[in-house]
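A look at the structure
Now for the letters of each chain:
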Amino acid sequence: MKRILLIAVSILLLAFTSTIALAQTVNSPNDAAYIKDNYTKYEYQIPMRDGKKLFTSVYVPKDQSKKYPIMMDRTPYSVEPYGVEKYKNALGPSPLFLHDGYIFVYQDVRGRWMSEGIYREMTPELEDHKTNQDVDEGTDTYDTIDWLLKNIPNNNGKVGVWGISYPGFYTTTALLSRHPALVAASPQAPIADLYRDDAFHNGAFMLVANFGFYPFFTNRQDDKPTQRRGGKVEYGTPDGYKFYMDMGTMRGSNTKYYKDTIRLWNEMMDHPNYDQHWKDRNVLTHLHDIKTAVLVTGGWYDAEDLYGAINTYKTLVKDNPASHIYFAMGPWVHGGWARGVGDHLGDVDFGATTSSFYREKIEFAFFSHYLKGTDTDIPKVSTFETGTNEWKNYSMWPPKQAEDKNLYFLPGGKLSFNPPTGSGDSNDAFISDPNKPVPFIDDITLDMKREYMTADQRFAARRPDVLTYQTDVLDHDVTLAGNIWANLKVSTTGTDADWVVKVIDVYPDSSKNNKFTDKNTFMSGYEQMVRSEAMRGKFRNSFEKPVPFVPNQVSPVNFELQDVLHTFKKGHRIMVQVQSTWFPLIDRNPQVFENIMQAKPGDFKKATNKVYTSKAHPSYLKVGVM
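Attention now moves to the overall build of the protein. Along its length, the protein carries 15 helices and 25 strands. The C-alpha radius of gyration computed for the protein amounts to 24 Å, which stays within 12% of the reference 25 Å derived for 626 residues, consistent with globular compactness. Summarising its shape, the C-alpha atoms of the protein cover approximately 80 × 55 × 50 Å along the three principal directions. Residue burial in the protein is summarised as follows: out of 626 residues, 62% are buried. In the protein, 77% of the contacts between residues at least 6 apart in sequence involve partners at least 24 apart. Counting every atom, the protein has about 22,900 Å² of accessible surface; 50% of that belongs to carbon and sulfur. Charge-centre separation for the protein: the mean point of 71 positive side chains lies 1 Å from the mean point of 75 negative side chains.

Over the atoms rolls a probe the size of a water molecule, and in doing so it shows where empty space is left. Scanning all chains against the criterion turns up 10 cavities of 30 Å³ or more. Around the largest cavity, the lining comprises 19 residues; the ones closest to its centre are His201, Ala303, Met453, Ser532 and Glu533. Secondary structure elements with two or more residues in the lining of the largest cavity: α6 (195-199), α13 (306-319), β21 (527-536) and β22 (555-568). The element that contributes the greatest number of residues to the lining of the largest cavity is β21, accounting for three residues. Of the voids in this model, the second largest cavity is the one considered here, and its volume is about 80 Å³. Forming the walls of the second largest cavity are Leu207, Tyr244, Met247, Gly248, Thr249, Met250, Phe583, Asp587, Arg588, Ile596 and Phe604.

This paragraph deals with the pairing of β22. By the criterion of burial, β22 is predominantly enclosed, with 12 of the 14 residues buried. Bridging between strand β19 (residues 478-492) and β22 involves 13 bridges; their strand directions are antiparallel. If you follow Trp485 over to β22, its bridge partner there is Glu560.

So, on to the nonpolar core. Counting 119 residues, the largest nonpolar core has Phe211, Trp265, Tyr452, Trp499 and Leu621 as its most contacted members. It is β19 that provides the largest number of residues to this core, a total of seven residues. Contacts of Tyr452, omitting those with residues within four sequence positions, involve Ala303, Phe440, Ile441, Gln457, Met529, Ser532, Trp582 and Leu585. Core analysis: the second largest hydrophobic core is formed by 36 residues, Tyr39, Met71, Leu98 and Phe367 among them.

What follows concerns the pattern of salt bridges. Here the structure, examined in full by the defined rule, presents 28 salt bridges. We note a salt bridge from Asp443 to Lys449, for which the minimum N-O separation is 2.6 Å. Residue class for Asp443 comes out partly exposed when judged on its relative accessible area of 37%.

With that settled, consider the confidence of the model for the protein. When pLDDT is averaged along the protein, the result is 94, and 96% of the positions lie at 70 or above. Here residues 2-25 is modelled with pLDDT under 50, and outside its nearest four sequence neighbours on either side it reaches 82 contacts, counting other chains as well.

The rules behind each value
Residues numbered from 1 in each chain as written. Predicted model: local features only at pLDDT ≥ 70, side-chain atom pairs only at ≥ 80, totals over all residues. Heavy atoms only, no water. Helix = DSSP H or I, 4+ residues; strand = E, 2+ residues; numbered from the N terminus. Rg over C-alpha atoms; globule rule 2.2 N^0.38 Å. Buried < 20%, exposed > 50% of the residue type's maximum accessible area, 1.4 Å probe, protein only. Contact = heavy atoms within 4.5 Å. Areas by Shrake-Rupley, 256 points an atom, 1.4 Å probe, with all protein chains shown as cover. Lys, Arg positive; Asp, Glu negative; His and termini not counted. Charge placed at Lys NZ, Arg CZ, Asp CG, Glu CD. 1 Å grid on protein atoms, 1.4 Å probe; cavity = no way out; pocket = protein on both sides within 12 Å on 5 of 7 lines; lining within 4 Å. Points joined across faces, edges and corners; volume = space filled by probe spheres on them. Pairing = 2+ DSSP bridges. Core = buried A, V, L, I, M, F, W, Y, C linked by side-chain atoms within 4.5 Å. Salt bridge = Lys/Arg side-chain N within 4 Å of Asp/Glu carboxyl O. pLDDT = per-residue confidence, 0-100.

Here's what the structure looks like:
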């Protein structure tokens, strides 16, 4: 989610803040000294059109013999350290920018840390700004750029903006400033629609990702600038599964812990449906008339904002066909391209230093071209194909070569591109018990460990409340490219149910361990998760107006799992798992139609859920096959 570089105050807080100021984590030990020797730091309170002032740190090269472009990062996570005598240890998206020479600007956004104003989560953007009181992130960016151009000497009149996660959202909204000096921007893992990114996935609440975040994030709820940090939760156990089961219900988050003191948390609890609160926070609807060159960056294994990266790119391309829009997707977790080498995730080896390649050949080349006029031949679409571990370049995404096909669930746990042919009404049933939910990872953790996105799923396949379908051993490579849509035919004895679908690459028994394989794991028969997603069944027809299931009645449940670029190699199998709990990654569904945020402990009931595999009621995945 929206996380970026603070010293953690607990093991969980460390995990939650590990991506805070991700762009600040690839510097060498010598960079801090280089910054002090070669840059002068200034601090300003920049006035906005409505009179509010935003705290801004500016680092200017001491060499004033030439003009420099401006690189700006707007953040809710603090521009610290505060004080002109205190310097950051790194500047820009990577050290390549630091040593090449830019004016670096960091700004606390409205209502956060040392900036004035009241903070609103994912500030609703306005189409019209009729008066000086009609402000949003677009106007704040415009006013900031205008002030910088007039007041910071030796700038060359060109501005670039970048940011990861929540700062990625502020980068997207910078496009809405439509300032003529903003010539390049890179929204990276941007939140685009909070309901679909961090808060809910198809109506299922992302519990573990949000619960620990909001105490840390909430350092102020008024209009008073502060350097005070947020708080933390005392978990009393390293076992997140146990902690959240003991919490009991979503109501328990307030009755036991927050005591209704966190406004942003309560906003989520008060809006479980996709109502106007969330529609106002969908920035995608505003991405038109964009003239700025844009590089959208994301990771295939981004557990937080995969939707945001993919759909920001798709919307920009669709609604701005004449603009220069680039897209880069690698085998990264949230912000993984900005730190480390990106050569593996968990047990899975990607066979290349993908992050450093991105930083030099894509990100640095993009900004250098548009801000300094250097030559570049960056492909419009740069995507890393997992499975084969190769970079692939395309003119568009999804690639036009991808052909839509259906991958059908068949009786007997089979999976095939051929549809079911039997005349019966075959189905597979399991008992879903929200009081004994399926864990999302086979580990003891308080965090949403990103490794779950490639983790071995054999632990889940052994449970009776997880259905498994798989192909025969593949006699040729099968590459999936683009979105995956689950088209399920289901029934339940309850009136609500969650449906979790996981697409898995099953390794052959001959597979050998690699240098990253955990000592207690074997790649022989490994069931690597490639893509997964949850769907809260009551939203199957509409995210605005939920409807109950009619017990035992067959119903279609269709939802997207998000895009992939993955090759299932010859000798492997394609597997799909289906389950109704995924804890505590998502909150528990009582399997009774109600407002789950107000559910009581006694509401959580067992239910018999069925997935149909017949000709009359086929269940399948719609995939793009290269």
